[in-house]
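# Architecture and fold: a report
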Amino acid sequence: MKNKKMNRRNFIRAATATGVLAVGGTALWQLDLLRGVRDTALRQFPGVFYIERLRQIVAADNAHARALMWEVTSPVDQQMIELRLQGTEDVRRIAAEDARFTDDGTEVYQYTAELDQLTPGHMYQYRITAGDAATDWQPLYTPTADENYKMLIFPDSQSSDYADWKQLAHLAWARNTDAELFTCMGDLVDNGEDRLQWTEFFVGVKEMQRSIPMVPLMGNHETYNLDWKVRLPEAYLHYFKTPRNGSKEFERYYYSFDYGDAHYIVLCTQQKEIGEFKDGLVEEQLAWIRRDLKAHRKRWNIVFMHKDVLQYRINGRPERTEGIDEDNGRVWMPVFDELGIDIVFTAHLHTYRNRGHIYGFEKTPDAKGPLYILTGVAGNVRYPNLWIDHAFDEVTLPQPETDNYLTMDVSRDAIEIACFLTDGTEMDRVRVTKR
Ligand SMILES: [Fe+2]
Ligand SMILES: [Fe+2]
């Protein structure tokens, strides 16, 4: 176990040092204004295949499978994935699928591939090829069944200017290149139709997302169109080929996956927004979560959901009371109690709150019920002094809050979650042990 961990870390460090991870051009080339220049300039480097936003997305079973996605600036036929075990020359080729879509007046030339039949506990390398041209090799790791690992957790990154988000995500990754996956808790962008915001969001996780898989969540802002009216989350659903949930109406709205000895359930809390177009999202998830856990229960069972389960009082609105959120808390907390969920991560309120364990809508001194972590804020949309502390809050951050990220270390006997500011200052640490 130790050796393998060191191998992974060393591999990433060596790859970074030699520039192997460099895909695409420099920051200058990201500017749309320079698209024409860029296309012309790139033809000067035959043999190099330039792609953008190359990313790994979690598969249902990450020990054996993974999804890859990327974009090119103009359509390219017959793209392939080449996959090999690190240190070997035997290459497996997988055909890429065209997954282009049009949104915000832009045709996005996007491609995807599903890698399967991988062997657990191995470091692979992959690259994208088109004819004689190829990208550089990228790392891809498959966990063992009892993998000890670290996950990075990012709260709402929605921003008016994504500079703070890019800095936070970049530094979080620089300090944690041994992390094996990362999640973005929803409201990835401020406006779900705005293509420029999506490309800005992806810049923040550029190095991370091609090395380790992403766990995306849909937030309410993914459902907003350019007129700030609610629409279906078209762009979000195209950008992230998350595991299938078997739903006719809500494919990729919610999903689950395994990583090591943990099962993760990613819920969709946008029933109010989606309800303007189609009904049944909550009912369907309530039936699904029971079936899903029956089939996939692991030693640890963890929930990610965008909207929070508690209701907070708001400064200047004395009529608003403290309690349990009616739409999400009343619905889901009894289910989490019943199904023995260990930890629930939420977002949406742009504030960090560790509420400890809650069972039957009550605080329990013996750590009964799930641990509820409200994950904070990772973009520049901050709500200084908006929320009034809830009686359930155990740890809050000094107000007004700046950006934060979380790490989660998963092992057989304990899960340890820590909260950090952008500058690396540790603000909270909590440990959940298996009874
Ligand atoms: Fe939100
Ligand atoms: Fe948000």
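For clarity, every value in this text was computed on a predicted model and none was experimentally measured. (Residues numbered from 1 in each chain as written. Chains lettered and ligands numbered in written order. Predicted model: local features only at pLDDT ≥ 70, side-chain atom pairs only at ≥ 80, totals over all residues.)

## Here we look at the overall build of the protein
Counting its secondary structure elements, the protein contains nine helices and 28 strands. For the protein, with 435 residues in total, the buried portion stands at 43%. By sequence separation, contacts in the protein at least 24 residues apart represent 70% of the contacts at least 6 residues apart. (Helix = DSSP H or I, 4+ residues; strand = E, 2+ residues; numbered from the N terminus. Buried ≥ 20, exposed ≤ 12 C-beta atoms within 10 Å, placed from the backbone. Contact = placed C-beta atoms within 7 Å.)

## A few points about the pairing of strand 1 (residues 52–57)
Counting buried positions along strand 1 gives five out of six residues, so the element sits mostly inside the fold. Looking at chain direction, strand 1 and strand 2 (residues 66–72) are connected through four bridges and run antiparallel. In the sheet register, Ile-57 faces strand 2, and the bridge partner there is Ala-67. (Pairing = 2+ DSSP bridges.)

## Concerning the environment of Ile-81
Of note, Ile-81 is situated in strand 3 (residues 79–85). Along the sequence, Ile-81 and Ala-130 sit 49 residues apart, while their C-alpha atoms lie 9.1 Å from each other. Ignoring anything within four residues of it in the chain, the contact list for Ile-81 reads Leu-68, Arg-93, Ile-94, Ala-96, Ala-113, Leu-115, Tyr-126 and Ile-128.

## Concerning the packing of helix 8 (residues 281–296) against helix 9 (residues 329–339)
Orientation of helix 8 relative to helix 9, taken along the N-to-C sense of each, is 10°, at an axis distance of 12 Å. By the criterion of interaxial angle, the relationship of helix 8 to helix 9 is roughly parallel. Residues Val-282, Leu-286, Ile-289 and Leu-293 of helix 8 form the contact with helix 9, whose own contacting residues are Val-331, Val-335 and Leu-339. Its residues assigned to classes, the contact of helix 8 with helix 9 shows seven nonpolar, no polar and no charged. (Axes fitted to C-alpha atoms, helices over the stretch in contact; angles between N-to-C directions. Parallel < 35°, antiparallel > 145°, perpendicular 65-115°, else oblique. Nonpolar A, V, L, I, M, F, W, Y, C, P; charged D, E, K, R; others polar.)

## Concerning helix 4 (residues 195–204)
Taken together, the buried positions of helix 4 are Gln-197, Trp-198, Glu-200, Phe-201, Phe-202 and Gly-204. As for helix 4, its buried residues are in contact with strand 1, helix 3 (163–175), helix 5 (206–211) and helix 6 (234–239).

## With respect to the confidence of the model for the protein
Counting all residues, the mean pLDDT for the protein is 92, and 90% of those residues have values of 70 or more. In this model, residues 9–37 is a region of pLDDT below 50 whose contacts with residues beyond four sequence positions or in other chains number 33 contacts. (pLDDT = per-residue confidence, 0-100.)

## Details of unusual backbone geometry
Peptide bonds are mostly trans, and most non-glycine residues show a negative phi. In this structure, the amide linkage connecting Gln-399 to the following residue, Pro-400, adopts the cis form with an omega of -10°. Mapping Pro-400 onto the fold places it in the loop between strand 25 (395–396) and strand 26 (404–410). The phi dihedral of Arg-252 is positive, around 75°, even though this residue is not glycine. Relative to the helices and strands, Arg-252 resides in the loop between helix 6 and strand 14 (255–259). Of note, Ala-367 is a non-glycine position whose phi angle comes to about 60°, a positive value. Note on placement: Ala-367 falls in the loop between strand 22 (362–363) and strand 23 (371–375). Judged by the 13 C-beta atoms lying within 10 Å of it, Ala-367 falls in the partly exposed class.

## Notes on the environment of Phe-277
Structurally, Phe-277 is set in the loop between helix 7 (271–274) and helix 8. The spacing of Phe-277 and Leu-232 is 45 residues in sequence and 7.4 Å in space, taken between C-alpha atoms.

## Details of helix 9
Those residues of helix 9 that fall on the buried side of the exposure criterion are Gly-329, Trp-332, Met-333 and Phe-336. Seen from one end, helix 9 has its buried residues packed into an arc of 105°, which puts them on one side. Where helix 9 is buried, its residues meet strand 16 (300–304), strand 17 (310–311), strand 19 (323–324), strand 20 (343–346) and strand 21 (352–359). Phi for Gly-340, located one or two positions after helix 9, is positive at around 65°. (Arc of directions from axis to C-beta.)

## Section: the pairing of strand 15 (residues 262–266)
Of all five residues making up strand 15, five are buried, and the element is well covered by its neighbours. What you see with strand 15 is no split at all: Ala-262, Tyr-264 and Val-266 on one side and His-263 and Ile-265 on the other are buried throughout. With five bridges connecting them, strand 14 and strand 15 associate as antiparallel partners. Looking across to strand 15, one finds that Asp-258 is bridged to His-263. In this antiparallel pair of consecutive strands, strand 14 and strand 15, the connection spans two residues, and Gly-260 shows a positive phi of 60°. As paired strands, strand 15 and strand 16 are joined by five bridges and run parallel to one another.

## A word on the environment of Gly-316
The topology assignment puts Gly-316 in the loop between strand 18 (313–314) and strand 19. Take Gly-316: there are 8 C-beta atoms within 10 Å of it, and that puts it in the exposed class. A sequence separation of 70 residues divides Gly-316 from Leu-386, and the C-alpha atoms of the two residues are 8.5 Å apart.

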